[in-house]
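# Examination of the molecular architecture
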Amino acid sequence: MLTPKKSLGQNFLIDKNIINKIIKTISIKNENILEIGPGTGNLTKKILEIGPKSFFAIEKDKELFLSLKKNFYNFRRFDLINKDILKVNLEKILKKETIIFGNLPYNISTKILTNLIRFKIWPPKYKKLVLMFQKEVADRIKSDFNLSSYGRLSILTGFRLIIKDHFNVSRNSFFPVPKVDSTVIVLEPFKNKDNKNYQNLKKLEKLTRIFFNNRRKMINKASKNIILNSKSTLQNLNICSKVRPGEISREKYYQLIKYVT
Ligand code: SAH
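Only a predicted model underlies this, so the values are computations on that prediction, with no experimental measurement involved. (Residues numbered from 1 in each chain as written. Predicted model: local features only at pLDDT ≥ 70, side-chain atom pairs only at ≥ 80, totals over all residues. Heavy atoms only, no water.)

## Structural notes on the domain arrangement of the chain
The condition that has to hold: For the purposes of this description, domain bounds are those given by an automatic or database domain assignment. Here, residues are in contact when the closest pair of their heavy atoms is within 4.5 Å. By buried area we mean how much accessible surface two parts lose on assembly, using a 1.4 Å probe and totalling the loss over both. Counted as salt bridges are all cases of a side-chain nitrogen of Lys or Arg within 4 Å of a carboxyl oxygen of Asp or Glu.
Taken domain by domain, the chain comprises domain 1 (6-189) and domain 2 (198-259). Between domain 1 and domain 2, the C-alpha centre-to-centre distance is 32 Å. Each side of the interface is counted separately: domain 1 has 21 residues, and domain 2 has 19 residues. Roughly 1,700 Å² is buried in total at the junction of domain 1 and domain 2, and carbon and sulfur atoms are behind 59% of that figure. The largest per-residue losses of area from domain 1 upon contact with domain 2 belong to Tyr-150, Arg-152 and Phe-159, which jointly make up 37% of the total buried on that side. Inspection of the region where domain 1 meets domain 2 yields two salt bridges. Across the salt bridge formed by Arg-118 and Glu-205, the nearest N and O atoms sit 2.7 Å from each other.

Given below as structure tokens:
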């Protein structure tokens, strides 16, 4: 039996009901699948049994990599590499219309999500994401303005992805039992190209970085440094210059992109 490595965020999903629930969120038959961090292969096995068109997985842990290779060699479509997901150029290697699964390692889950949001070409080569986050991170992704969990992650995610489904998963569904509960989120990329381009994403990142740098301060000062004709622009968009960054809706942020200097 392998000893789970904390440094690699190894909490294996052992609750069969949850594994089935994840599988059922989406149709897998004849689809291209990527799995991030398959671990001991609990989800992997279910996916392979349904019969995807192609299956590709990325696992950083050498020991797990070797054991997965051994356990799944009889599945014709099973393809696995031993790499760090953060060092793989997903945008380049993905097949078109891929569905990405991942019970993500906690310590890098937001990094993985932002990498997926930062694809240069939009719409991206993935068509769905079924990802497990620690609940607190999922709350930030789902959050709406005026809530304490609202911030850059909510705004950046909502710019390019839409949340299709979500459900919570108790910490007791994992081995070893982590300190926090989790949430599975199903996301889909927005298909419209024009305003979702990479340049606009960069502007949105810049705007939110500057605003949320001072979460508690009114936006009037920060606006002057980053928004063209800030006073009249804010007025025209019906944004009061005395609000704090967390009090501005996603939609207003997306409208502001045009005026970022
Ligand atoms: N999907 C499995 C395991 C989840 S634990 C399950 O649900 O049971 C997270 C997995 O991600 C572990 O297998 C861990 O080794 C792997 N992992 C951690 N960091 C990684 C990285 N940077 N790149 C790829 N895989 C990683």
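## Side note on the site of the ligand
Worth spelling out the cut-off: Residues are classed as near a molecule or strand on a simple rule: at least one heavy atom within 4 Å of it. Two N or O atoms form a polar contact when they lie within 3.5 Å of each other; inside protein one atom must be a possible hydrogen donor and the other a possible acceptor, and for residues adjacent in sequence the pair counts only when both atoms belong to side chains. To be clear on the numbers: accessible area is Shrake-Rupley with a 1.4 Å probe, and residue cover counts the displayed protein chains and nothing else.
Residues in contact with the ligand amount to 22 residues; listed here are only the nearest, Gly-37, Glu-59, Asp-84, Ile-85 and Asn-103. Measuring from a nitrogen atom of the ligand, one finds a backbone N or O atom of Lys-60 at 3.3 Å. Between Asn-103 and the ligand, the recorded distance is 2.6 Å, taken from a side-chain N or O atom to an oxygen atom. In isolation the ligand offers 570 Å² of accessible surface; the protein chains occlude 98% of this area.

## Concerning the pairing of strand S6 (residues 126-134)
Definition in use: Per-residue accessibility, obtained with a 1.4 Å probe over protein chains only, is compared with the maximum for each type, and a residue is labelled buried under 20%, exposed over 50%, and partly exposed between these values. For helices the rule is a DSSP run of H or I covering at least 4 residues; for strands it is a run of E covering at least 2, with both sets numbered from the N terminus onward. One bridge is not enough; two strands pair if DSSP finds at least two bridges between them. Here a crossover is taken to be right-handed if, once the strands point away from the viewer, the path from the first strand over the helix to the second is traced clockwise.
Counting buried positions over the nine residues of S6 gives seven, a clear majority of the element. Both strand S5 (residues 98-103) and S6 contribute to a ladder of six bridges, which runs parallel. Along S6, the bridge assignment pairs Thr-98 with Tyr-126. Each parallel crossover has a hand, and for S5 linked through helix H5 (residues 109-117) to S6 it is right-handed. With six bridges joining them, S6 and strand S9 (residues 182-189) adopt antiparallel strand pairing. Residue pairing for S9: Met-132 is matched across the bridge by Val-184.

## What to know about the sheet that holds S6
Operational definition: Where helices are involved, their axes are fitted lines through C-alpha atoms of the stretch in contact, as for all axes, and angles between N-to-C directions lie from 0 to 180°.
With respect to topology, seven strands assemble into an open sheet ordered S4-S3-S2-S5-S6-S9-S7, the strand pairing being mixed. Looking at the sheet topology across the chains shown, the edges are occupied by strand S4 (78-81) and strand S7 (161-169). In this sheet, neighbouring strand axes are inclined to one another by 15° on average, regardless of whether the strands run parallel or antiparallel. Inspection of the sheet shows S7 paired to S9 by eight bridges, in the antiparallel sense. The partner of Asn-168 across the bridge, within S9, is Thr-183. Lying over the sheet, helix H6 (residues 135-142) contacts S6, S7 and S9, oriented at roughly 130° with respect to S6. The sheet contacts of helix H7 (residues 152-160) involve S7 and S9, and relative to S7 the element is tilted by about 125°.

## Re helix H8 (residues 198-213)
In plain terms, the rule: In this scheme, a helix's expected span is set at 1.5 Å multiplied by one less than its residue total.
The end-to-end C-alpha distance of H8 is 22 Å, a good match for the 22 Å that 16 residues give at a rise of 1.5 Å each. Regarding H8, the residues found buried are Asn-200, Leu-201, Leu-204, Glu-205, Leu-207, Thr-208, Phe-211 and Phe-212. One side-chain oxygen of the residue at the start of H8 lies 3.2 Å from the amide nitrogen of Gln-199, identifying that residue as Asn-197.

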